[in-house]
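Read off the chains here:
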Amino acid sequence: TMPVSYIVDGSGLNTANDPATHTSTDWETAWETLPYQGSAWVVFDLQKPMDVDSFRVWNFNLVNYAGSFAGRGIKDVNILTSADNSTWSSSTAYVFPRATGTDDYTGTLFSDLGWEDVRYVKFDMLNIWGDGDTGAHFGLSEVQFYGADTATVPEPMTLVMLEMGLTGMALR
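Residues numbered from 1 in each chain as written. Predicted model: local features only at pLDDT ≥ 70, side-chain atom pairs only at ≥ 80, totals over all residues. Heavy atoms only, no water.

## Examining the environment of Thr 29
(1) Moving on: Position of Thr 29 among the secondary structure elements: in the loop between strand 2 (21-22) and strand 3 (31-32).
(2) Moving on: Its relative accessible area of 7% is what places Thr 29 among the buried residues.
(3) Moving on: For Thr 29 and Ser 5, which are 24 residues apart along the polypeptide, the C-alpha to C-alpha distance reads 9.3 Å. (Helix = DSSP H or I, 4+ residues; strand = E, 2+ residues; numbered from the N terminus. Buried < 20%, exposed > 50% of the residue type's maximum accessible area, 1.4 Å probe, protein only.)

Here is the structure:
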């Protein structure tokens, strides 16, 4: 597995582009679980309650491996939010588009969220795209959250992974 911190540290992103592109061929710029038997989850701690307007997901993207490994990217995910990590909102279903496997991949922006007083965001990942050599892994390249007051909330290196489900985590 790759450390889950890779999905919040900006590794593999070319921020000279707007929006940033994921340009890496390096396995050490993306996160993936060990082979799974169901689903996986991860909780992002935004450090303090804030209003979140949008988020961008760069699905599992390894340049020159589009036919082989992009199938490890998350497909269906339920997202829940919380101010206290114990009381959660009702889940909202999302589909994360499959990564392109190219060096100009801009990810997908999900906007007009209207999430208020959110500190924790939980991705309950239900399945992957599953084509090609998936190795039965869940994978993501990068996730960033945006609020009305700042471009990225918080700065990528201060985002802490609070909990993880699966591999180094609990099987469901």
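## Observations concerning the nonpolar core
(1) Moving on: Ranked by size, the top nonpolar core spans 29 residues in total, and within it Phe 55, Phe 96, Trp 115, Phe 123, Met 125, Leu 140 and Phe 145 carry the most contacts.
(2) Moving on: Elements supplying a minimum of two residues to this core: strand 4 (40-52), strand 5 (54-59), strand 6 (76-82), strand 9 (115-125) and strand 10 (139-146).
(3) Moving on: A total of six residues in this core trace back to one element, the largest contributor, which is strand 4.
(4) Moving on: Among residues more than four places away in sequence, those in contact with Met 125 are Trp 31, Ser 39, Ala 40, Trp 41, Val 42, Ile 74, Asp 76, Val 77, Phe 138 and Leu 140.
(5) Moving on: If you look at the next biggest cluster of nonpolar residues, it comprises six residues, including Leu 13, Ala 20, Tyr 105 and Tyr 146. (Core = buried A, V, L, I, M, F, W, Y, C linked by side-chain atoms within 4.5 Å. Contact = heavy atoms within 4.5 Å.)

## Observations concerning a negative patch on the surface
(1) Moving on: A cluster of acidic side chains, namely Asp 51, Asp 53, Asp 112, Glu 116 and Asp 117, defines a negative patch on the protein surface.
(2) Moving on: Residue position: Asp 117 is located in strand 9. (Patch = residues over 30% accessible without salt bridge, like charges linked within 9 Å, V, L, I, M, F, W, Y side chains within 5 Å. Areas by Shrake-Rupley, 256 points an atom, 1.4 Å probe, with all protein chains shown as cover. Salt bridge = Lys/Arg side-chain N within 4 Å of Asp/Glu carboxyl O. Lys, Arg positive; Asp, Glu negative; His and termini not counted. Charge placed at Lys NZ, Arg CZ, Asp CG, Glu CD.)

## What to know about the packing of aromatic side chains
(1) Moving on: One pass over the full model with this rule turns up twelve aromatic pairs.
(2) Moving on: When the ring of Phe 55 is compared with that of Phe 145, the centres are 6.0 Å apart and the planes differ by 40 degrees; the resulting orientation is tilted. Of the two residues, Phe 55 is situated in strand 5 and Phe 145 in strand 10; the sequence distance between them amounts to 90 residues.
(3) Moving on: When its relative accessible area of 0% is taken as the criterion, Phe 55 is described as buried.
(4) Moving on: Among the residues examined, Phe 145 registers a relative accessible area of 1% and is labelled buried.
(5) Moving on: Here Phe 96 and Phe 123 contribute two aromatic rings whose centre-to-centre distance is 5.6 Å and whose plane-to-plane angle is 65 degrees, an arrangement assigned as edge-to-face. Within this pair, whereas Phe 96 is found in the loop between strand 7 (92-95) and strand 8 (108-110), its partner Phe 123 is found in strand 9, the two being separated by 27 residues in sequence. (Phe/Tyr/Trp six-rings, centres within 6.5 Å; stacked < 30°, edge-to-face > 60°.)

## Examining the pattern of salt bridges
(1) Moving on: Per the stated rule, a full pass over the model turns up one salt bridge.
(2) Moving on: Arg 119 is paired through a salt bridge with Asp 45; the nearest N and O atoms lie 2.7 Å apart. With Arg 119 in strand 9 and Asp 45 in strand 4, this pair connects stretches of sequence that are 74 residues apart.
(3) Moving on: On the basis of relative accessible area, Arg 119 is assigned to the partly exposed category, the value being 23%.

## Some thoughts on the confidence of the model for the protein
(1) Moving on: Confidence in the prediction of the protein, expressed as mean pLDDT, is 78, and 76% of residues score 70 or more.
(2) Moving on: Across residues 155-172, where pLDDT falls below 50, the model places 55 contacts with residues more than four positions away in sequence or in other chains. (pLDDT = per-residue confidence, 0-100.)

## What to know about the pairing of strand 6
(1) Moving on: Of all the seven residues making up strand 6, six are buried; the element is thus mostly covered by neighbouring parts of the structure.
(2) Moving on: Relative to strand 7, strand 6 is paired through four bridges, and the arrangement is antiparallel. Along strand 7, the bridge assignment pairs Asn 78 with Ala 93.
(3) Moving on: Pairing of strand 6 with strand 9, which is carried by six bridges, proceeds in the antiparallel orientation. (Pairing = 2+ DSSP bridges.)

## Thoughts on unusual backbone geometry
(1) Moving on: The phi dihedral of Gln 47 falls on the positive side, at around 80 degrees, and the residue is not glycine.
(2) Moving on: Assessed through its relative accessible area of 34%, Gln 47 is described here as partly exposed.
(3) Moving on: The phi torsion at Asn 85 lies on the positive side, around 70 degrees, for a residue other than glycine.
(4) Moving on: Here Asn 85 lies in the loop between strand 6 and strand 7.

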